Amino acid sequence: MSDVPVPHLVTGMRRETADTVSLTLTPAGQEALEPFAPGQFAMVYAFGVGEIPVSVSRVGRRELVHTIRSVGAVSAALCALRPGSQVGLRGPFGTGWELERAAGQDIVAVTGGIGLAPLRPLVLAARAAHRAYGRLNLLVGSRTFEDLLYADQVRAWAESHGPLLCRATVDRPSPGWWGHVGLVTTLLNSARFVPENTTAYVCGPEVMIRATARDLLHRGVRADRIRVSLERNMRCATGHCGHCQLGGVLMCRDGPVIGWDRAASLLMVREL
Amino acid sequence: MTNNPATGVLDRDGLSALIEVLAAQGRTVIGPTVRDGAIVLAEIGSADDLPFGWGSEVEAGRYRLVPRADGAVFAHTAGPQSWKTFLHPQREKLWSAERTPDGALSVTEDDPEQTSYAFLGVRPCDLRAITIQDRVLAGGRYPDRGYRERRTGAFLIAAECTEPGATCFCVSMGGGPAVDGSGFDLALTEVLDQGGHRFLVRVGSEAGRDALDGVPHAPADAETEYAARAAVDAARDRMGRAMPPVDLRTLMGESLEADRWDDVAARCLTCGNCTMVCPTCFCTTTEEVTDLTGDHAERWLRWDSCFDVAFSHLHGGPVRASARSRYRQWLTHKLSTWYEQFGSSGCVGCGRCVTWCPVGIDITEEAAALHDERAGRLRHEKQKETQR
């Protein structure tokens, strides 16, 4: 459904960090949305306040999970919802990560802050079908331990000896922190991948995306195989409102996930 | 003019009869009128509402209506509005939502009565602008339902240009004063000579033929056809302005860091007038409106402008804070990135943005300055190369 929000019931609410919650949303009536691919987004409507674009952070059979950080009027209203409340959803919109194109290759997923949320469904899907891929790496960056999303899951992944190599780092350590300290790009040294046969997925603040893509390129990963998810203001998600332009890219239609071959020159121009 | 054989000649009474026929079909007929010292597009009931005897004098940042002794009706240039005012209105309700006491949500898509329009006097530049907005708003994966319905039902009567203004540059944007090909129902060419004041009519669609059949008209004669063609041909050579004859798409793409943006930013008030008067600018924002009970909410769409600092808002602040970046966004989108997004330029050369800019910023002059700057840059690089 692209025109009108479809009512969804909040069936689960989990506080992830001080300013971030995950909402589990289930269709309130008969009407449901088309299935979401990892990396795609929905327009999430807080009644009487407005709509914002949010990538899916988990895709269930009927339910969707959106992880939302409270930074503005709409996200604050959404973060204040409790189970039993209803929201509206439009979608799915935009390009996905397109994990299927990485078949047979090593995978490096690099996240910064809330950027872990849009990449979680990709990591879960790759892990579940790990025989289809080479080595799987997840490198998680966060400002502090307290800001780390899905902290229990990330720690479990980091400590497991399964198919997924997971490393986490924070900018500023606090008591109890079990991982690395430093920028997320430093974790690339401990990741296991053959650059010429690697697809990378990067999501986080733009400055982190730029630094990560630069280092991946330097190691020899092909630009078109570095897939990044970008953020711009979106009002409609259907390509009509003009807000989400980045040069020739209409982010809601041509993004949010685009290849570094296209993104690089656009992100190098200030205030584009 | 070759694709559509001339089929008739109308006089002023014939024009009135045509308006009546279209109104009798249940259409709201919109045409140019004189109001508040400008040509304003408004509902008309007869030819008497049209601006007979009015012309316009335009320059960068200047617009004046002037009386014309010859009584011509289509000798004025574009006013501040374009047809997007009707096809893509400034405000539109999208949906209503209700919340019941138990918190359940229901959303109803707004289904307003769609007006069936007839537009009289659509200039060739504006005809092109309509086809450009068709691609933007109705051509993609998610057609704008309201736009598509208004557009499908609209009857278009084009008026060829015989009196281009000083800010017109349609020819240099690949258009021209003539109506060619399709995309209209009827096309008029005003002729004023010893033979009288009359309008050559060509038919562009079945609906156009039906409408013309209901109106008293004379068969087209060679003399009227010749005079019409001569007037339009002459207009082609009298454009007041021209874009630099270069590939504007490449020019913009290679000028993102040009110094000229600082120069224009020092003059630009970022008022957004150019985006409001532009016949292709389509950007909108949404507003959430609630009533006092808080249980009824509405979603409204309204025009927005890339010159508004909030346009590019992200948490943490706007992406485009400086005037330089906002003017650059407008110009590069219009002349360059529009191709990537919608397969054509976003500029038709109507000149409105030049005329209605309060400080007279001229899009053709800015493009020329960017071209000069780039040419200088390339020369400099070449010199350095040969010295090496």
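Residue positions are given per chain, counting from 1 as you read along its sequence in written order. To label them, take the chains in the order written and letter them from A, then take the ligands in the order written and number them from 1. At least 70 in pLDDT is required for a residue's local features to be given in this predicted model, at least 80 for side-chain atom pairs to be given and counted, and no such filter applies to totals for whole chains, interfaces and linings, which use all residues.

Observations concerning the domain arrangement of chain B
All names here are of chain B. The domain boundaries assigned to chain B delineate domain 1 (6-236) and domain 2 (248-387). Domain start and stop points were drawn from an automatic or database domain assignment. Computed from C-alpha coordinates alone, the two centres of domain 1 and domain 2 are separated by 27 Å. Each side of the interface is counted separately: domain 1 has 38 residues, and domain 2 has 33 residues. We count a stretch as a helix when DSSP gives it H or I for four or more residues in a row; a strand needs E for two or more, and each element gets its number in order from the N terminus. For the side of domain 1 that touches domain 2, the secondary-structure elements that each account for two or more residues are strand 6 (91-99) and helix 3 (124-138). Just so you know the grouping, Ala, Val, Leu, Ile, Met, Phe, Trp, Tyr, Cys and Pro go in nonpolar, Asp, Glu, Lys and Arg go in charged, and all remaining residues, Gly too, go in polar. Taken together, the residues of the side of domain 1 that touches domain 2 break down into 18 nonpolar, eleven polar and nine charged. Residue pairs qualify as contacts under a 7 Å threshold applied to their C-beta atoms, which are placed from the backbone.

Quick word on the sheet that holds strand 6 of chain B
Residues and elements named next belong to chain B. Strands were regarded as paired on the criterion that DSSP finds at least two bridges between them. Read across the sheet, four strands follow the order 7-6-13-12 without closing on themselves; strand pairing throughout is antiparallel. Two strands lie at the open edges of the sheet, namely strand 7 (105-109) and strand 12 (284-290), each paired on one side alone. Across the sheet, the axes of successive neighbouring strands diverge by a mean angle of 20°, strand direction being ignored. With axes taken as lines fitted to C-alpha atoms, and helix axes fitted only over the stretch in contact, angles between N-to-C directions fall between 0 and 180 degrees.

Observations regarding the sheet that holds strand 2 (residues 20-27) of chain A
All names here are of chain A. Pairing in this closed barrel of six strands is antiparallel, and the strands run 1-2-5-4-3-6 around the ring. Neighbouring strand axes in the sheet, compared pairwise and without regard to direction, differ in orientation by 45° on average. Bridge count for strand 3 (residues 41-46) against strand 6 (residues 86-93) is four bridges, and the pairing is antiparallel. Among the inter-strand pairings, Phe41 is bridged to a residue of strand 6, identified as Phe93. Running over the sheet, helix 2 (residues 116-128) touches strand 4 (50-59) and strand 5 (64-69) and is turned about 35° from strand 4.

Focus: the interface of chain A and chain B
Listed per partner, the contact involves 33 residues of chain A and 41 residues of chain B. For the side of chain A that touches chain B, the residue count by class is eleven nonpolar, 17 polar and five charged.

A look at the pairing of strand 1 (residues 6-17) of chain A
Residues and elements named next belong to chain A. Where strand 1 lies against strand 6, four bridges are found, and the strand directions are antiparallel. Looking at strand 6, one finds that His8 is bridged to Val87. As paired strands, strand 1 and strand 2 are joined by eight bridges and run antiparallel to one another. By the bridge assignment for strand 2, His8 is matched with Pro27. Hairpin geometry of strand 1 and strand 2 is characterised by an intervening segment of two residues between the two adjacent antiparallel strands.

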